[in-house]
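Reading the structure
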Amino acid sequence: NILFKNRLATIFSLFFVYFGGSFGWIVELMKTGKPFGGESTFWANQAVSMNLNPPFAISLVLFIASILAVSIFSEKPNKLKALIIILLSGSLIGFKVYAGVIILFGLFMMSVISAFKKDLRFVYIFLLCLFLSLAIFLPSSYAATTLLVISPLWLVHSMIDFSDRVGWMKLSGARMAYLAQGLWLKLLAVEAIGLAIFIVGNLGTKVIGLIAAIGSYKTIVQKRTHLFVSFMLLASFTLPLIFIQKGNSWNIVQFIYYFLFLASLYAGYGISRIVSLMPKGLSYGAILFFVLITPISSFSTFKSALFPFPPAKV
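None of these values were measured; they are calculated from a predicted model.

1. As for the side chain of Ser298
Relative to the elements of secondary structure, Ser298 occurs in the loop between helix 14 (280-293) and helix 15 (299-304). Using a relative accessible area of 7% as the deciding quantity, one classes Ser298 as buried. For Ser298, the contacting residues outside a window of four places in its chain are Gly20, Gly21, Gln46 and Val48.

2. Let's talk about the pattern of salt bridges
Going through the model one piece at a time under the given rule, you end up with 3 salt bridges. Between Asp119 and Arg224 there is a salt bridge, with its nearest N and O atoms 3.7 Å apart. Of this pair, Asp119 sits in the loop between helix 5 (97-116) and helix 6 (121-140) while Arg224 sits in helix 12 (residues 224-242); the two residues are 105 residues apart in sequence, bridging distant segments of the chain. Asp161 is the salt-bridge partner of Arg175, the closest N and O atoms lying 2.8 Å from each other. Of this pair, Arg175 sits in helix 8 (residues 169-181) while Asp161 sits in helix 7 (residues 154-161), and the two are 14 residues apart along the sequence. What emerges from the salt-bridge pattern is a single network uniting Asp119, Arg121 and Arg224.

3. Section: the packing of aromatic side chains
The tally for this structure, following the rule as stated, stands at 17 aromatic pairs. Taken together, a centroid distance of 5.4 Å and an interplanar angle of 90° make the contact between Phe4 and Tyr266 edge-to-face. Taken together, the residues Phe4 in the segment before helix 1 (7-19) and Tyr266 in helix 13 (residues 254-276) connect sequence positions 262 residues apart. Exposure remark for Tyr266: the relative accessible area of 4% places this residue in the buried category. For the pair Phe56 and Tyr257, a centre-to-centre distance of 5.7 Å together with 75° between the ring planes defines the contact as edge-to-face. With Phe56 in helix 3 (residues 54-75) and Tyr257 in helix 13, the pair connects residues that are 201 residues apart, well separated along the chain.

4. Side note on the nonpolar core
Core analysis: the largest hydrophobic core is formed by 74 residues, its most contacted members being Phe63, Leu107, Ile125, Met232, Leu262 and Tyr266. Core analysis: the second largest hydrophobic core is formed by 7 residues, Phe12, Phe15, Ala267 and Val275 among them.

5. A short note on unusual backbone geometry
Backbone geometry at Lys118 places phi at a positive 60°, although glycine is not the residue there. Its place among the elements puts Lys118 in the loop between helix 5 and helix 6. A relative accessible area of 77% means that Lys118 is categorised as exposed. With a phi angle near 60°, Leu153 is a residue other than glycine that sits in the positive phi range. If you trace the backbone, Leu153 turns up in the loop between strand 1 (148-150) and helix 7.

6. Re the packing of helix 3 against helix 6
Angle between the axes and distance between the axes are the two parameters that describe a pair of packed helices. One can describe the packing of helix 3 onto helix 6 by two numbers: an axis separation of 12 Å at closest approach and a directional angle of 155°. The angle between the axes of helix 3 and helix 6 places the two elements in the roughly antiparallel class. The handedness of the crossing between helix 3 and helix 6 comes out as right-handed. Contacts between helix 3 and helix 6 involve Val70, Phe73 and Ser74 on the former and, on the latter, Arg121, Phe122 and Ile125. Of the residues assigned to the contact of helix 3 with helix 6, the class counts are 4 nonpolar, 1 polar and 1 charged.

7. Some details on the environment of Met50
Examined against the element boundaries, Met50 turns out to sit in the loop between helix 2 (24-32) and helix 3. For the pair formed by Met50 and Phe231, sequence separation is 181 residues and the distance between their alpha carbons is 23 Å.

8. Quick look at a nonpolar patch on the surface
A contiguous nonpolar patch, built from Leu127, Leu128, Phe131, Leu134 and Leu138 and spanning about 450 Å² of accessible area, is present on the exposed surface. Locating Leu138 in the fold gives a position in helix 6. For Leu138, a relative accessible area of 48% translates into the label partly exposed.

9. Let's talk about helix 14
Think of an α-helix as turning once every 3.6 residues; residues three or four places apart then point the same way. In a regular helix each residue adds 1.5 Å, so 14 residues correspond to 20 Å; helix 14 covers 20 Å between its end C-alpha atoms and thus fits that length. Three or more residues of helix 14 are buried, namely Ser283, Ala286 and Phe290. Considered in projection along helix 14, the buried side chains sweep an arc of 60° and stay on one side of the axis. The exposed set on the far side of helix 14, more than 90 degrees from its buried face, consists of Gly281, Tyr284, Leu288 and Leu292. As for helix 14, its buried residues are in contact with helix 1, helix 10 (206-214) and helix 13.

10. Observations regarding the side chain of Ser297
One can find Ser297 in the loop between helix 14 and helix 15. With a relative accessible area of 0%, Ser297 lands in the buried category. Of note is the side chain of Ser297, whose polar atom sits 3.0 Å from the backbone nitrogen of Ser22. In contact with Ser297, not counting residues within four places along its chain, are Gly21, Ser22, Gly24, Trp25, Gly37, Gly38 and Glu39.

Analysis parameters
Residues numbered from 1 in each chain as written. Predicted model: local features only at pLDDT ≥ 70, side-chain atom pairs only at ≥ 80, totals over all residues. Heavy atoms only, no water. Helix = DSSP H or I, 4+ residues; strand = E, 2+ residues; numbered from the N terminus. Buried < 20%, exposed > 50% of the residue type's maximum accessible area, 1.4 Å probe, protein only. Contact = heavy atoms within 4.5 Å. Salt bridge = Lys/Arg side-chain N within 4 Å of Asp/Glu carboxyl O. Phe/Tyr/Trp six-rings, centres within 6.5 Å; stacked < 30°, edge-to-face > 60°. Core = buried A, V, L, I, M, F, W, Y, C linked by side-chain atoms within 4.5 Å. Axes fitted to C-alpha atoms, helices over the stretch in contact; angles between N-to-C directions. Parallel < 35°, antiparallel > 145°, perpendicular 65-115°, else oblique. Left-handed = near helix turned anticlockwise from the far one by under 90°. Nonpolar A, V, L, I, M, F, W, Y, C, P; charged D, E, K, R; others polar. Patch = residues over 30% accessible without salt bridge, like charges linked within 9 Å, V, L, I, M, F, W, Y side chains within 5 Å. Areas by Shrake-Rupley, 256 points an atom, 1.4 Å probe, with all protein chains shown as cover. Expected span 1.5 Å × (residues − 1). Arc of directions from axis to C-beta. Polar contact = N/O pair within 3.5 Å; in protein donor to acceptor, adjacent residues only side chain to side chain.

Have a look at this one:
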């Protein structure tokens, strides 16, 4: 409501947040002939698995609260509101490092923009958040020498290469052949195809709404809250494409979970814009299409939570 002030956008955003799925069901259908499944075919788990990871679920509450705090502070700044941002955002790293890094990046970019406008309030907020985050993080990670290793597009390459993911061997072989032969333009084309599959595959139907939302970016970036969220979208998407995590490479995909959450909000806004421009009858058809198609890949995961052997039961 605060982001879009549009009831339809809010409803669609909430739908994507809770029921958003990937296009993994298409890969599953091609491989096995069964359309239900493939939630994490493109590496990222979807909304249906959110609460399987309690630290992530808790961090998401603080993550949302931090965005709301920044929004309220931007409207009418004062020291109490600044303190709330510092406590929420600075402590976030104690629940989930990935969320802490994303929020710090967002605050850093806000402080840079504010500094250019000779407004140092966000600079002070960022520095105090950084000190609090380091005070929480460093004592518990003194044994870790290097948490991240630079390995560009590892998630994309492994998604294409691994048979339990997309497993497109022809594309994988083409990438290796073009790299070995130094055919850089062809290699670039293969990398672009892989990246597009990664993005569209993980977003699922959200990609349509996100494209529509990007079309109205001029309206969005005028507001500080949207600018803040946009920076966090950028960080949560680009970091896992550049780095892998030491000791467990694929674990870096947890950055993407926050990208999918934020993308769900804007996808809801984008879909609301598309539907509002359609004739009434056609808009109902479009809504039904999204409601039916969006959660397909999450069906088998949801089913396994209920029977025959749920992970928890009373």
